[in-house]
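An overview of the molecular structure
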Amino acid sequence: MLHIVACIKQVPDTKIIKMNPKTNTMDRSSAPAILNPYDAHAVEEAVRIRDRYGGTVSVITMGPPPAVKAIKKCIEIGADEGYMISDRAFAGADTLATSYAITKAIEKISEIKPVDLIICGKMTIDGDTGQVGPGIARRLDIPPLTSVKKVVEVNKEEGYAIVQRKLEDGYEVIQSSLPCLFSVEKTINEVPYSSFPNMLKAALYHPTIWSVNDLNDIDRKQLGLKGSPTIVSKVWAPAKPEGGKILEGHPREQVGQILSVILEKKELFREDA
Amino acid sequence: MDFKDYRGVWVFIEEKEGEVASVSLELLGAGRILADKRGVELAGILIGENNKHLANTVYEYGADLVYVYDQPIFKNYRTESYMKALLACCEDHKPEIILFGATSTGKDLASAIATDLPTGLTADTTELDVEADTGLLLASRPAFGGNIMATILCKKYRPQMATVRPKVMKALTREIGRTGKLIEKHISLNETDIRTKVLEIVRETTKKVRIDEADIVVAGGKGLGSAEGFQLIHHLADVLGGVVGASRDVVEAGWIEHHHQVGQTGLTVTPKLYFAIGISGAIQHIVGMRNSGTIIAINIDPDAAIFQSCHYGIVGDAFEIVPLLIEEFKNALPRSGVSHV
């Protein structure tokens with residue numbers, strides 16, 4: 001039976017986040033915390049693979065205590081177990097330090113039940129990097145398969161998986177030994193509405209929560225801000241381009257001005273082009 | 001870690017159908033500026049099979065030297081094999097900066113390498129600079145869903161790495177005959193060391209709309225209200241002979257497919273003419289289109305950020321303005337002499 005671990009994150013909804021135009025800082029309180037949308041697809045894919053081949057889906061997250069809500073959302077999607085690592089020691093982690101902490105947590109989950117497959121979303125909407133998944137795969141020394149758009153087969157007995165991996169101009173079909181890690185595209189599946197039994201299960205569910213002391217052989221220097229090679233030195237609003245001429249007049253006059261701008265660009269409309 | 005041992009700017013060269021991928025040429029242009037500022041050499045890293053001839057293109061677009069791994073095991077890109085070659089090359093020659101295209105391959109390889117080195121990696125960079133004296137790479141990118149820009153530094157580790165979006169940097173003009181030093185590399189690697197196999201590569205030749213190659217892009221946003229309202233964008237694009245672009249919201253709402261999306265999580269476009277209609281203008285969108293030739297914005301909200309990033313703006317209702325534009329344009333070109341680029 002397969003044991004699949006999905007890595008998830010609770011993120012601020014960046015579509016709703018507001019900026020303070022005076023201080024140029026973010027008003028984080030303005031944004032509700034949600035399950036990273038890409039991770040919902042990762043969990044859904046894990047659930048589909050489990051339903052097809054049998055097994056267990058565990059989810060793991062790193063975050064402050066309220067991130068339990070994101071785990072509950074995964075239980076609603078159909079995950080069986082949830083784990084969270086939560087500790088001030090993890091705070092301020094960039095992708096390198098995050099992949100280290102999550103890897104340590106996955107190693108601990110593996111002691112409970114060996115892990116065959118790890119699935120991550122393509123990226124998080126607050127970080128936008130897509131680097132944590134491959135980082136975890138490298139640390140566990142398993143093959144990373146990024147941009148997975150379709151899972152063709154997972155064969156635990158024979159010890160391999162076959163996936164379609166998206167490329168700029170098509171896709172490739174890759175076979176990998178198990179265990180391995182997929183990071184999945186959003187198009188891989190549709191996350192259906194939660195079923196009532198799963199909602200009930202989620203409401204009553206308490207994930208396992210570990211602090212840094214619960215993890216084995218942890219090197220604290222590799223955690224949190226200390227273990228993060230990248231730092232944000234400056235946050236700024238981008239330079240505004242020149243121009244910004246707002247056209248005056250009635251709609252028909254405005255349109256006329258636009259038209260002359262366009263028609264001036266004759267090279268766009270050559271018949272022999 | 002002694003930073004003095006780390007020297008030179010590297011660009012990982014991607015191959016596309018037997019040629020150097022355009023994103024790699026753009027990165028050579030960006031890398032040349034960084035290398036000159038530091039007074040160091042710019043190197044291209046070529047990994048593949050029968051790929052030595054590509055070195056000439058790499059020199060002609062600005063590199064001083066090229067490291068080549070030319071072995072059958074590198075026939076197709078695979079994370080593990082390419083990673084091992086690049087890690088070995090880093091160990092041998094210790095670059096100060098490595099740039100990768102933010103493509104499926106570039107991002108995959110860069111993420112794997114960064115973990116092993118280990119070092120910092122900045123994703124989807126849209127601006128690059130370097131401090132001439134310290135060599136500190138200033139890699140800037142939209143952050144937090146594109147609401148702001150952030151400059152990311154990697155002060156304590158080397159090399160410093162970044163992936164860079166296609167179409168954001170400018171390639172140098174090709175200097176035919178410009179040449180450089182070829183350094184052939186070899187790594188002893190067996191098929192049994194690699195745990196993945198490429199079973200098949202499928203090129204999708206269906207005529208997908210390429211918004212990143214179009215001369216005219218007409219992009220619509222959530223301001224159009226509905227999938228039906230969004231049809232207006234298609235009409236204008238048809239009349240102008242352009243292609244349809246969209247903001248992230250629109251793609252997420254399912255009004256149009258993802259390959260039409262302009263912006264940080266979509267494509268960067270550089271058309272001669274760009275329409276932003278009903279698009280509010282989050283930075284995430286702006287970074288994807290700001291290098292367009294002429295940008296025309298139409299939005300009902302006079303405070304929309306898009307008006308700060310356009311050349312011409314109309315504050316008005318798209319459902320009033322766009323039909324007028326379609327009508328006027330049809331009149332101006334009655335014979336439909338519009339080329340469909």
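Residues numbered from 1 in each chain as written. Chains lettered and ligands numbered in written order. Predicted model: local features only at pLDDT ≥ 70, side-chain atom pairs only at ≥ 80, totals over all residues. Heavy atoms only, no water.

Once that is clear, we can look at the sheet that holds strand 8 (residues 117-121) of chain A. Sheet architecture is open: ten strands sit in the order 13(A)-7(A)-6(A)-1(A)-8(A)-12(A)-9(A)-10(A)-11(A)-13(B), paired in mixed fashion. Where the open sheet ends on each side, the last strands, each with one partner, are strand 13 (208-210) of chain A together with strand 13 (196-203) of chain B. Strand-to-strand twist across the sheet, computed as the mean angle between neighbouring axes with direction ignored, equals 30°. As paired elements, strand 1 (residues 2-8) of chain A and strand 8 of chain A share four bridges and run parallel to each other. When the bridges of strand 8 of chain A are listed, Ile4(A) appears paired with Leu117(A). Its contacts with the sheet place helix 3 (residues 95-112) of chain A against strand 1, strand 6 (55-62), strand 7 (81-85), strand 8 and strand 13 of chain A, and it is angled at close to 145° to strand 6 of chain A. (Pairing = 2+ DSSP bridges. Helix = DSSP H or I, 4+ residues; strand = E, 2+ residues; numbered from the N terminus. Axes fitted to C-alpha atoms, helices over the stretch in contact; angles between N-to-C directions. Contact = heavy atoms within 4.5 Å.)

To continue, consider the packing of aromatic side chains. Residue and element names in this part refer to chain B. Tallied over the full model, the rule gives eight aromatic pairs over all chains. Consider the rings of phenylalanine 12 and tyrosine 82, whose centres lie 6.5 Å apart with planes at 75°: the pair is edge-to-face. Taken together, the positions of phenylalanine 12 in strand 1 (residues 9-13) and tyrosine 82 in helix 3 (residues 79-93) put the pair 70 residues apart, joining distant regions of the chain. Assigned by exposure class, phenylalanine 12 and tyrosine 82 land together as buried. Residues phenylalanine 74 and tyrosine 82 carry aromatic rings whose centres are separated by 5.6 Å and whose planes lie at 85° to one another, so their mutual orientation is edge-to-face. (Phe/Tyr/Trp six-rings, centres within 6.5 Å; stacked < 30°, edge-to-face > 60°. Buried < 20%, exposed > 50% of the residue type's maximum accessible area, 1.4 Å probe, protein only.)

Interface extent is often summarised as the accessible area lost during association of the parts. Taken residue by residue, the interface counts 87 residues in chain B and 77 residues in chain A. Between chain B and chain A lies a buried interface of about 7300 Å² when both sides are counted; carbon and sulfur atoms form 60% of it. Where chain B packs against chain A, one counts seven salt bridges. Here Arg165(A) ties to Asp108(B) by a salt bridge, and the two come within 3.8 Å at their closest N and O atoms. Applying the counting criterion to the chain B and chain A interface returns 26 residue pairs in polar contact (both at pLDDT 80 or more). It is helix 4 (residues 104-116) of chain B that provides the largest number of residues to the side of chain B that touches chain A, a total of nine residues. Considered class by class, the residues forming the side of chain B that touches chain A number 37 nonpolar, 25 polar and 25 charged. (Buried area = accessible area lost by both parts, 1.4 Å probe. Salt bridge = Lys/Arg side-chain N within 4 Å of Asp/Glu carboxyl O. Polar contact = N/O pair within 3.5 Å; in protein donor to acceptor, adjacent residues only side chain to side chain. Nonpolar A, V, L, I, M, F, W, Y, C, P; charged D, E, K, R; others polar.)

Turning next to the pairing of strand 6 of chain A. Residue and element names in this part refer to chain A. The buried fraction of strand 6 amounts to seven of the eight residues, a majority that puts the element mostly inside the structure. Note that strand 1 and strand 6 share seven bridges and pair parallel. Within strand 6, the position partnered with isoleucine 4 by the bridge is valine 57. Inspection of the sheet shows strand 6 paired to strand 7 by five bridges, in the parallel sense. Note that in strand 7 the partner of threonine 61 across the bridge is methionine 84. Considered for its hand, the β-α-β crossover made up of strand 6, helix 2 (residues 68-77) and strand 7 is right-handed. (Right-handed = clockwise from strand over helix to strand, strands pointing away.)

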